[in-house]
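Coordinate analysis (summary)
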Amino acid sequence: MKQADRAFFPAPPRRPAYVADQPVAELGFAEQFATWAMRVQWTHIGDGRQQSLVLQRAFDALDMPEGAELVAELTEALIRSTRRPLSIPCPKWRVLTGDEARLLAFVAAMQARDGTPLADCDPDWRAPKTGSSVWAPAQRLALAFAAAGLRFGMTRMGEPPFPLAMPRLH
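This structure is a prediction, so every number in the text was calculated from the model and none was measured.

Turning our attention to the packing of helix α4 (residues 67–81) against helix α6 (residues 135–147). Following both chains from N to C, one finds α4 and α6 inclined at 155 degrees, their axes separated by 9 Å at the closest point. Judged on the interaxial angle alone, α6 and α4 are roughly antiparallel. At the point where α4 passes α6, the crossing takes the left-handed sense. Between α4, through G67, L70, V71, E73, L74 and A77, and α6, the contact on the second element is made entirely by P137, A138, R140, L141 and A144. Here the residues of the contact of α4 with α6 sort into 8 nonpolar, 1 polar and 2 charged.

Here it is as structure tokens:
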């Protein structure tokens, strides 16, 4: 990582940050938004639709027009590569599921670019050399979030959780 990158995007601590039954309200904005987006997309896949207009508008508001498509790609990859049904609840669910916690940890590790270990991530997701179809879409989504200034793990670095941090985004 370049020195300039470290100044703007310090690496989060190297410990698991997301756990099952963790209140979503304790997460930073990036994690809350990613969780909500995956839940909305998961609901729409179940309805037979590819993308949600609400999801597209939300990503447009964050100047991430490609975000809805990236979430759709990641969702499709997860469905193809996971050997069991994933636990992704409705968007209003107040706590993380174990699958969501693992997914957030995976995307956060992709975004960190500092060698954050992927040992806590699902083995089906973390091996690009073995043909994991999840690796590339997760990496693209992590990079898109970073490019939009949405960093995972900021609450662990002393930043207040959302919505307290919201005024700083404007």
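With that settled, consider the pattern of salt bridges. Pairing is possible between side chains that carry opposite charge, provided their charged atoms lie close to one another. Under the counting rule described, the total for this entry stands at 4 salt bridges. Two residues, E73 and R140, come together in a salt bridge whose shortest N-O distance is 2.9 Å. Of the two residues, E73 is situated in helix α4 and R140 in helix α6; the sequence distance between them amounts to 67 residues. Owing to a relative accessible area of 40%, R140 belongs among the partly exposed residues under this scheme. Across the pair R84 and D99 runs a salt bridge whose closest N-O atoms are separated by 2.4 Å.

Moving on, we get to unusual backbone geometry. Notably, D21 is not glycine yet its phi reads approximately 70 degrees, a positive angle. Its place among the elements puts D21 in the loop between α1 (3–8) and α2 (29–46). Residue D21 is classed as exposed on the basis of its relative accessible area of 60%. Despite not being glycine, D63 shows a phi value in the positive range, around 55 degrees. One can find D63 in the loop between α3 (53–61) and α4. Exposure remark for D63: the relative accessible area of 69% places this residue in the exposed category.

Bringing α3 into the picture now. Side chains that are three or four residues apart share a direction in an α-helix, a result of its 3.6 residues per turn. Listing the buried residues of α3 in full gives L55, Q56, A58 and F59. Seen along its axis, α3 keeps its buried residues to an arc of 160 degrees; they face one direction. Turned more than 90 degrees from where α3 packs its buried face, L53, V54, R57 and A61 sit exposed. Two or three places before V54, at the start of α3, stands the capping residue S52, its side-chain oxygen 3.2 Å from that residue's backbone nitrogen. Where α3 terminates, the next one or two residues include D63, which has phi positive at roughly 55 degrees.

What counts, and where the lines are drawn
Residues numbered from 1 in each chain as written. Predicted model: local features only at pLDDT ≥ 70, side-chain atom pairs only at ≥ 80, totals over all residues. Heavy atoms only, no water. Axes fitted to C-alpha atoms, helices over the stretch in contact; angles between N-to-C directions. Helix = DSSP H or I, 4+ residues; strand = E, 2+ residues; numbered from the N terminus. Parallel < 35°, antiparallel > 145°, perpendicular 65-115°, else oblique. Left-handed = near helix turned anticlockwise from the far one by under 90°. Contact = heavy atoms within 4.5 Å. Nonpolar A, V, L, I, M, F, W, Y, C, P; charged D, E, K, R; others polar. Salt bridge = Lys/Arg side-chain N within 4 Å of Asp/Glu carboxyl O. Buried < 20%, exposed > 50% of the residue type's maximum accessible area, 1.4 Å probe, protein only. Arc of directions from axis to C-beta. Polar contact = N/O pair within 3.5 Å; in protein donor to acceptor, adjacent residues only side chain to side chain.

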